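If you want the building blocks of each chain, they are given just below.
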Amino acid sequence: MNIKTTLTIGAMAATLMLAACGGGADVAKGPNSEARTTAFKAMMPNFSSMGKMVKGEEPYEVEKFKTAAAVFAEESKKPFEHFQQDAEGNGDALPAVWERPDDFKAAEDKFHAAVAVLNTAAQSGNLGEIKVAYGDAGASCKACHDTFRRPK
Ligand code: ASC
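Residues numbered from 1 in each chain as written. Predicted model: local features only at pLDDT ≥ 70, side-chain atom pairs only at ≥ 80, totals over all residues. Heavy atoms only, no water.

As annotated in an unreviewed UniProt entry, the chain carries the name Cytochrome c556 and is attributed to Uruburuella suis.

What follows deals with the overall build of the chain. Helix and strand content of the chain: six helices and zero strands. In sequence order, the secondary structure elements of the chain are arranged as α-α-α-α-α-α. Per-residue burial over the chain gives 33% buried out of 152 residues. Long-range contacts, defined here as pairs at least 24 residues apart, represent 75% of the contacts in the chain between residues at least 6 apart. Accessible surface, the chain: about 9,000 Å² in total, of which carbon and sulfur atoms supply 61%. (Helix = DSSP H or I, 4+ residues; strand = E, 2+ residues; numbered from the N terminus. Buried < 20%, exposed > 50% of the residue type's maximum accessible area, 1.4 Å probe, protein only. Contact = heavy atoms within 4.5 Å. Areas by Shrake-Rupley, 256 points an atom, 1.4 Å probe, with all protein chains shown as cover.)

This part is about the site of the ligand. What surrounds the ligand is the set M44, F47, G138, C141, K142 and H145. Note that an oxygen atom of the ligand is positioned 3.0 Å from one of the backbone N or O atoms of G138. H145 is positioned such that a nitrogen or oxygen atom in its side chain is 3.4 Å from an oxygen atom of the ligand. Notes on the ligand: free accessible area 310 Å², of which the protein chains cover 55%. Only α2 (31-54) and α6 (127-148) provide two or more residues apiece to the shell around the ligand. Here the shell around the ligand gets four residues from one element, more than from any other, and that element is α6. Its residues assigned to classes, the shell around the ligand shows three nonpolar, two polar and one charged. (Near = heavy atom within 4 Å. Polar contact = N/O pair within 3.5 Å; in protein donor to acceptor, adjacent residues only side chain to side chain. Nonpolar A, V, L, I, M, F, W, Y, C, P; charged D, E, K, R; others polar.)

Now for helix α5 (residues 101-124). The terminal C-alpha atoms of α5, which comprises 24 residues, lie 35 Å apart, in line with the 34 Å expected from a rise of 1.5 Å per residue. Every buried residue of α5 is listed here: F104, A107, E108, F111, A114, V115, L118, N119, A121 and A122. For α5, the elements touching its buried residues are α2, α3 (62-75), α4 (96-99) and α6. The first or second residue beyond α5 is G125, which carries a positive phi of 75 degrees. (Expected span 1.5 Å × (residues − 1).)

Moving on, we come to α2. Relative to the 34 Å expected for 24 residues at 1.5 Å per residue, α2 spans 35 Å between its end C-alpha atoms, a close match to the ideal helical length. In the structure, α2 departs most strongly from a straight axis at M44, where the bend amounts to approximately 30 degrees and where the proline P45 lies between one and four residues downstream. Residues S33, R36, A39, M43, N46, F47, S49, M50, G51, M53 and V54 constitute the buried set of α2. Residues of α2 that are buried make contact with α3, α4, α5 and α6. G56 sits one or two positions beyond α2 and adopts a positive phi of about 80 degrees. (Bend = angle between axes of the 7 residues up to and from the residue.)

In this section: the pattern of salt bridges. Throughout the structure, instances matching the rule amount to eight salt bridges. Residue D92 pairs with R150 through a salt bridge whose shortest N-O separation is 3.3 Å. Taken as a pair, D92 in the loop between α3 and α4 and R150 in the segment after α6 lie far apart in primary sequence, 58 residues in all. By relative accessible area, which is 17% here, D92 ends up buried. A salt bridge links R100 to D103; the nearest nitrogen and oxygen atoms lie 2.9 Å apart. Residues joined by salt bridges that share partners form a network here, namely D92, R150 and K152. (Salt bridge = Lys/Arg side-chain N within 4 Å of Asp/Glu carboxyl O.)

Below, the structure written as structure tokens:
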């Protein structure tokens, strides 16, 4: 194997390793980006907890689900207080967030609406409704990521 091939394979391996680690290490982030990441991470335990109950990986506990949904409804608003651009770099947020503000706002509003429906279903205690609403909320997460977040 010649030196050029060895270097190329080395660079490819490094790229793959970065991708496997979430690709975050090389992304420049300023304070707003950091605040977004912190706020998105903070809401994940409640979303995951609901997901386990919805998927039957854990028993559905009505009161536990109600609390998770109510807290999630509040904490899921927080990241959107920090979508200002950073001079240091915007982390995982794609330029589309600021180039197409109306589309981004529409995606945000759709997400908040889906989360509100999930919370209403949770408070009703109807697991059938909850499953549909949880799926819709998850689809809303993904739709926004597909368009506005750097691919992972
Ligand atoms: C998660 C998570 C997301 C959403 C999304 C749902 O658990 O981290 O970003 O759900 O994948 O489709």
